[in-house]
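For reference, the chains in residue letters:
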Amino acid sequence: MGLNVEIVRIDAEKQIIYVNDCDDRDSFFEKKSAIDCSKLSEERKLIYVDYDTNRLMYIKFSDLEVGDYLTVNVYADQLKISNNGLIVPEQIQLTTQQ
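Let me sum up the structure you'll find in this document. Owing to the predicted nature of the structure, the values given are computational and were not obtained by experimental measurement.

**Things to note about the pairing of strand 8 (residues 91-94)**
Sheet topology note: the strand 4 (residues 46-50)/strand 8 ladder contains three bridges and is parallel. Within strand 8, the residue paired with Ile47 across the bridge is Gln93. Pairing geometry for strand 6 (residues 69-73) and strand 8, over four bridges, is antiparallel. Following the sheet pairing, Thr71 is matched in strand 8 by Gln93.

Below is the structure:
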């Protein structure tokens, strides 16, 4: 499932982002949730799509900034069994246009 979120804090050392849910429907996330991004860059699962050119780009964790909007793709079961309160997504797409 794709969940729309906004980055409110970044822990660059641990590669964890803290997000708020942007969807008006019933939220799967807490008010503020932590997402583990430590493996996403190396597995090429952190992406950006330029909507003007339809070009897909793989990005790095360091490209993310507070205030960016993301679509977080995560299995519903993962939300229930998150490790130490951290959500480990399948993929993240940066949706803030650069």
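**What to know about the environment of Gln78**
As for its position among the elements, Gln78 is in helix 1 (residues 76-80). Separated by 11 residues in sequence, Gln78 and Pro89 have C-alpha atoms that sit 7.8 Å apart. Not counting residues up to four positions away in its chain, the partners in contact with Gln78 are Leu86, Ile87 and Val88.

**A few points about the packing of aromatic side chains**
Across all of its chains, the model carries zero aromatic pairs by this definition. Over the aromatic face of Tyr18 sits the side chain of Arg9, whose NZ or CZ is 4.0 Å from the ring centroid. One Lys or Arg, Arg44, reaches over the ring of Tyr58 and ends 3.7 Å from the middle of that ring.

Quick notes on the rules
Residues numbered from 1 in each chain as written. Predicted model: local features only at pLDDT ≥ 70, side-chain atom pairs only at ≥ 80, totals over all residues. Heavy atoms only, no water. Pairing = 2+ DSSP bridges. Helix = DSSP H or I, 4+ residues; strand = E, 2+ residues; numbered from the N terminus. Contact = heavy atoms within 4.5 Å. Phe/Tyr/Trp six-rings, centres within 6.5 Å; stacked < 30°, edge-to-face > 60°. Lys NZ or Arg CZ within 6 Å of the ring centre and 35° of its normal.

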